[in-house]
Amino acid sequence: MGSSVGEGAKLQPSRAGSRLCVRCGERKAALKRPKTLEQICRECFYVVFEDEIHQTIANNSLFKAGDRVAIGASGGKDSTVLAYVLSELNRRYNYGLDLFLLSVDEGITGYRDDSLETVKRNEIQYGLPLKIVSYKDLYGWTMDDIVKAIGLKNNCTFCGVFRRQALDRGAALLKADKIVTGHNADDIAETVLLNILRGDIARLSRCTFITTGEDGPIPRCKPFKYTYEKEIVMYAYFKKLDYFSTECIYSPNAYRGFAREFIKDLERMRPRAILDIIKSGENFRISTTTRMPEQGTCERCGYISSQKLCKACVLLDGLNRGLPKLGIGRTKVGAGAERNTSSLQGKHGNFDF
């Protein structure tokens, strides 16, 4: 089970003492919920954790009966808990879904090969069919090869772009109607901050959507949109789920890591801060005069793109030509772009406050 016990042990509150659960008033409290700071027993924690996810699914009409749903499975805590809970809720509430596990093998020796072994065990444990697609088969490159060519500075750019397209291609092979991912509330709050810092209005306008890609090949859903990362770890720990907990060996200096640390600091001071940031992202309104990228298709591979060539084809072209940094760079704002003191200039337009 990787090092899941150690990770969960750090989060297991041992100071609940002899207090009774504030939910049932019968059993001893076993933990303090990071999200609400309630002292509750394990049984009540399972109930509220699963019920909140069910309410998120029902209130947002994420699925309909008969949908074929591909669960993005990395073997980590988020996707493992997602596969387990979605399987349970599908049976309990009769969603009528056909569930599949879909994994991407990026070709990272000592990391992804180990985590895929966990996914293969999950396939047996949860009785869900597994499909694995690899960078090597799709692009002719592994991440190990890419890192040798590009170094450790921009490698996450390649992996993020390739992984997104690989999930879509894998889901298409499964004839899936939806893809679900384990992105949690912490992840979404981080993304809101990152898009503000980057001035990326196009992504900021959609990063809090619970369903994205409805204009693309296969929509993606985030049932964990309002679920805290700490509670996912607690659930996995108490349920003794089998998951892989090692960080990617190529991402210790990823830009997102700085936003993650900031979010954790805010959460320590005020647990509600994570949901507040998500709410703020939902309430952003983009100026009607802002030009947004127009969705089209890549001339080379047919994948969705706002440019003639999609980002994956541009990056792949650079790798194949021996110019790996060719597709990496920031889009510059035109010299004639006017500055407005009441707005924040971004690479695609302005935020209006």
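Residues numbered from 1 in each chain as written. Predicted model: local features only at pLDDT ≥ 70, side-chain atom pairs only at ≥ 80, totals over all residues. Heavy atoms only, no water.

Description of the overall build of the protein chain
Our working definition: Under the DSSP-based scheme used, a helix requires at least four consecutive residues in state H or I and a strand at least two consecutive residues in state E, with every element numbered from the N terminus. In what follows, a contact means two residues having at least one pair of non-hydrogen atoms within 4.5 Å. Per-residue and other accessible areas follow the Shrake-Rupley method at a 1.4 Å probe size, with only the shown protein chains counted as cover for residues.
When its secondary structure is counted, the protein chain shows 13 helices and 13 strands. Relative to all contacts within the protein chain whose residues are 6 or more apart in sequence, the contacts with residues 24 or more apart total 68%. Accessible area for the protein chain stands at about 18000 Å²; split by element, carbon and sulfur atoms hold 50% of it.

Observations concerning the sheet that holds strand 4 (residues 98-105)
In any sheet, the strands associate via hydrogen bonds between backbone groups, in a parallel or an antiparallel arrangement. Which entries qualify depends on this criterion: Pairing between strands is defined by DSSP: at least two bridges between the two strands are required. Every axis corresponds to a line fitted to the C-alpha atoms, with the helix fit spanning only the stretch in contact, and the corresponding angles, defined between N-to-C directions, vary from 0 to 180 degrees.
Strand order in this open sheet of six strands is 5-4-3-6-8-7, and the pairing throughout is mixed. Of all the strands in the sheet, just strand 5 (130-134) and strand 7 (211-212) have a single pairing partner and so form its edges. In this sheet, strand 6 (residues 178-180) lies alongside strand 3 (residues 68-72) in parallel orientation, the contact comprising three bridges. Note on strand 6: the bridge partner recorded for Val69 is Lys178. Sitting on the sheet, helix 7 (residues 155-173) is in contact with strand 3, strand 4, strand 5, strand 6 and strand 8 (220-221), with an inclination near 140 degrees to strand 4.

Observations concerning the nonpolar core
Worth spelling out the cut-off: Here, the term nonpolar core denotes a set of buried Ala, Val, Leu, Ile, Met, Phe, Trp, Tyr and Cys residues that are joined through side-chain atoms within 4.5 Å. For the exposure calls, accessible area comes from a 1.4 Å probe over protein chains only, and a residue counts as buried if that area is under 20% of its type's maximum, exposed if over 50%, partly exposed in between.
Core analysis: the largest hydrophobic core is formed by 43 residues, its most contacted members being Phe45, Phe63, Ile71, Val81 and Tyr235. By size, the runner-up hydrophobic cluster in this structure holds 35 residues, among which are Phe158, Leu167, Ala312 and Leu316.

Comments concerning the pattern of salt bridges
Selection criterion: By definition here, a salt bridge exists when the distance from a side-chain nitrogen of Lys or Arg to a carboxyl oxygen of Asp or Glu is within 4 Å.
Applying the stated criterion across every chain yields a total of 26 salt bridges. In this structure, a network of salt bridges that share partners links the residues Lys77, Asp78, Asp186, Glu229 and Lys264.

Quick notes on the state of the cysteines
Here is the idea: a disulfide is a covalent bond, and it sits between the sulfur atoms of two cysteines. Where we set the bar: Here, a disulfide means two cysteine sulfur atoms that sit within 2.5 Å of each other.
Under the counting rule described, the total for this entry stands at zero disulfides. Here Cys41 stays unpaired: no disulfide links it, and the sulfur of Cys44, its closest cysteine neighbor, is 3.5 Å away. Judged by relative accessible area, which is 1%, Cys41 ranks as buried.

Looking at the UniProt feature "binding site: ATP" (unreviewed entry) in the protein chain
Heads up, the condition is: UniProt positions are given in the numbering used here, feature names are shortened, and annotations may be inferred rather than shown by experiment.
What UniProt calls "binding site: ATP" (unreviewed entry) maps, in this numbering, to Gly72, Ala73, Ser74, Asp78, Val104, Gly182 and Asp187. Mapped onto the elements, Ser74 comes out in the loop between strand 3 and helix 3 (77-92). By relative accessible area, which is 23% here, Ser74 ends up partly exposed. Every residue in contact with Ser74, bar those within four places of it in the chain, is listed here: Ser79, Arg112, Ser115, Val119 and Arg163. Relative to the helices and strands, Gly182 resides in the loop between strand 6 and helix 8 (185-198). You can call Gly182 buried: its relative accessible area is 12%.

Observations concerning the environment of Arg256
Along the polypeptide, Arg256 turns up in helix 11 (residues 255-269). Classification of Arg256 by relative accessible area gives partly exposed; the value is 28%. In sequence terms Arg256 and Thr191 are 65 residues apart; their C-alpha atoms lie 8.0 Å from each other. Excluding anything up to four places from it in sequence, Arg256 contacts Asp187, Glu190, Thr191 and Leu194.

A word on the packing of aromatic side chains
The geometry of two aromatic rings is summed up by the distance between their centres and the angle between their planes. What counts, and what does not: Between rings of Phe, Tyr and Trp, where Trp is taken as its six-membered ring, a pair exists when centres lie within 6.5 Å; planes separated by under 30 degrees are stacked, by over 60 edge-to-face, and by other angles tilted.
Considering all chains together, one arrives at 14 aromatic pairs under this definition. Centre to centre, the rings of Tyr139 and Phe162 are 4.3 Å apart; their planes meet at 25 degrees, and the pair counts as stacked. With Tyr139 in helix 5 (residues 135-139) and Phe162 in helix 7, this residue pair connects regions lying 23 residues apart in the sequence. For Tyr139, a relative accessible area of 9% translates into the label buried. Each member of the aromatic cluster is reached from another via a ring pair, and the members are Phe45, Tyr46, Phe49, Tyr84, Tyr126 and Tyr235.

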